[in-house]
Amino acid sequence: MTTHVDRKLEELGLALPEAAAPVAAYVPVVEANGLLHVSGQIPFKDGALMTGRLGEDRDLAFGAEAAQRCALMLVAQIKKYLDGDLSRVERIVKLGVFINSAADFTDHPKVANGASELMQALFGDAGRHARSAVGVPALPLGVAVEIDAIVQIR
């Protein structure tokens, strides 16, 4: 089944990764009252983790790309949970963006835009969402960004 999202990914020259298996005691997606709560997803590029700290050893462009790759993994998890039917996505409700950053780094919203802009490109108005963009001193496995989501489905 090819959806609008699949066509848009192709237009953008992007592909969804294989939905990553959990690395600890949690599940990737929980559905409650028509909302999918998607566990935090981390960024991979060419099969490797995107690690580092923004404002220290990584720049804004790296962070925005890492956020975009987290968003791709979120969509992959949603697609897997929905048995491939992304047309059931009614709204991306909220993204929680966690950025591994130096104490004086303040461009968190610009990093988070890497994910937000992709969600809007893929889902149109339904991809416009509420968001938090928070700097933290460390993330699992040393990744630069981790993003979780709340998604309304039909």
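See the structure above.
Calculation notes
- Residues numbered from 1 in each chain as written.
- Predicted model: local features only at pLDDT ≥ 70, side-chain atom pairs only at ≥ 80, totals over all residues.
- Heavy atoms only, no water.
- Pairing = 2+ DSSP bridges.
- Helix = DSSP H or I, 4+ residues; strand = E, 2+ residues; numbered from the N terminus.
- Axes fitted to C-alpha atoms, helices over the stretch in contact; angles between N-to-C directions.
- Contact = heavy atoms within 4.5 Å.
- Phe/Tyr/Trp six-rings, centres within 6.5 Å; stacked < 30°, edge-to-face > 60°.
- Lys NZ or Arg CZ within 6 Å of the ring centre and 35° of its normal.
- Buried < 20%, exposed > 50% of the residue type's maximum accessible area, 1.4 Å probe, protein only.
- Salt bridge = Lys/Arg side-chain N within 4 Å of Asp/Glu carboxyl O.
- Arc of directions from axis to C-beta.
- 1 Å grid on protein atoms, 1.4 Å probe; cavity = no way out; pocket = protein on both sides within 12 Å on 5 of 7 lines; lining within 4 Å.
- Points joined across faces, edges and corners; volume = space filled by probe spheres on them.
- Nonpolar A, V, L, I, M, F, W, Y, C, P; charged D, E, K, R; others polar.

**Student:** Is there a simple way to explain the sheet that holds strand β1 (residues 29–32) in this structure?
**Tutor:** Within a sheet, each strand pairs with its neighbour through backbone hydrogen bonds, oriented either parallel or antiparallel. Across the sheet, which stays open at both edges, the five strands sit in the order β1-β2-β7-β5-β6 with mixed pairing between neighbours. Of all strands in the sheet, those with a lone pairing partner are β1 and β6 (130–136), marking the two edges. Averaged over all adjacent pairs, the angle separating strand axes in this sheet is 15 degrees, with direction ignored. Contacting β1, β2 (35–41), β5 (89–100) and β7 (145–153), helix α2 (residues 60–81) runs over the sheet at an angle of about 40 degrees to β7.

**Student:** Is there a simple way to think about the packing of aromatic side chains in this case?
**Tutor:** Both the distance between ring centres and the angle between the ring planes are used here to describe each pair of aromatic rings. For the structure on display, the rule yields zero aromatic pairs. A cation over a ring is seen here: R58 above F62, with NZ or CZ 4.2 Å from the ring centre.

**Student:** Would you mind going over the environment of V29 with me for this structure?
**Tutor:** Relative to the elements of secondary structure, V29 occurs in strand β1. For V29, a relative accessible area of 11% puts it in the buried group. Residues V29 and M50 lie 21 residues apart in sequence; the distance between their C-alpha atoms is 22 Å. Look past the residues within four positions of V29 in its chain and what remains in contact with it is L36, H37, V38, Q77 and Y81.

**Student:** Just to check I follow, could you spell out the pattern of salt bridges for this structure?
**Tutor:** Side chains bearing opposite charge may pair, as long as their charged atoms lie close to each other. Taken as a whole and judged by the stated rule, the model has six salt bridges. A salt bridge links D6 to K79; the nearest nitrogen and oxygen atoms lie 3.0 Å apart. In this pair, D6 is assigned in helix α1 (residues 4–12) and K79 in helix α2, connecting sequence segments 73 residues apart. We classify K79 as partly exposed; its relative accessible area is 23%. Note that K110 and D107 form a salt bridge whose closest N and O atoms lie 3.8 Å from each other. Taking the relative accessible area as the measure of exposure, K110 reaches 47% and is therefore partly exposed. Among the residues examined, D107 registers a relative accessible area of 27% and is labelled partly exposed.

**Student:** What is the right way to look at α1 in this model?
**Tutor:** Each α-helix turn comprises 3.6 residues. Residues three or four places apart therefore point the same way. Buried residues of α1: V5, D6 and L9, and no others. The arc that holds the buried residues of α1, viewed along the axis, is 100 degrees, so those residues lie on one side. Opposite the packed face of α1, turned more than 90 degrees from it, sit the exposed residues E10 and E11. Buried residues along α1 sit against α2 and α3 (108–123). After α1 finishes, the residue G13 shows a positive phi value of roughly 70 degrees.

**Student:** So what exactly am I meant to see when it comes to the layout of surface pockets here?
**Tutor:** Think of a ball as big as a water molecule: rolled over the atoms, this probe shows where empty space is left. Counted as a void, the largest pocket has a volume near 230 Å³. Mapped by element, the contributors of at least two residues to the lining of the largest pocket are β2 and α2. Of the residues contributing to the lining of the largest pocket, the split by class is 11 nonpolar, three polar and one charged.

**Student:** Is there a simple way to think about the side chain of H108 in this case?
**Tutor:** Within the secondary structure, H108 sits in helix α3. Take H108: its relative accessible area is 12%, and that puts it in the buried class.

**Student:** Just checking my understanding: could you explain the pairing of β1 for this structure?
**Tutor:** In regular strands, side chains alternate between the two faces of the sheet. In this sheet, β2 lies alongside β1 in antiparallel orientation, the contact comprising four bridges. When the sheet's bridge partners are listed, E31 is paired in β2 with L36. Remark: two residues form the turn of the hairpin made by β1 and β2, two consecutive strands paired antiparallel; N33 in that turn has positive phi of roughly 50 degrees.

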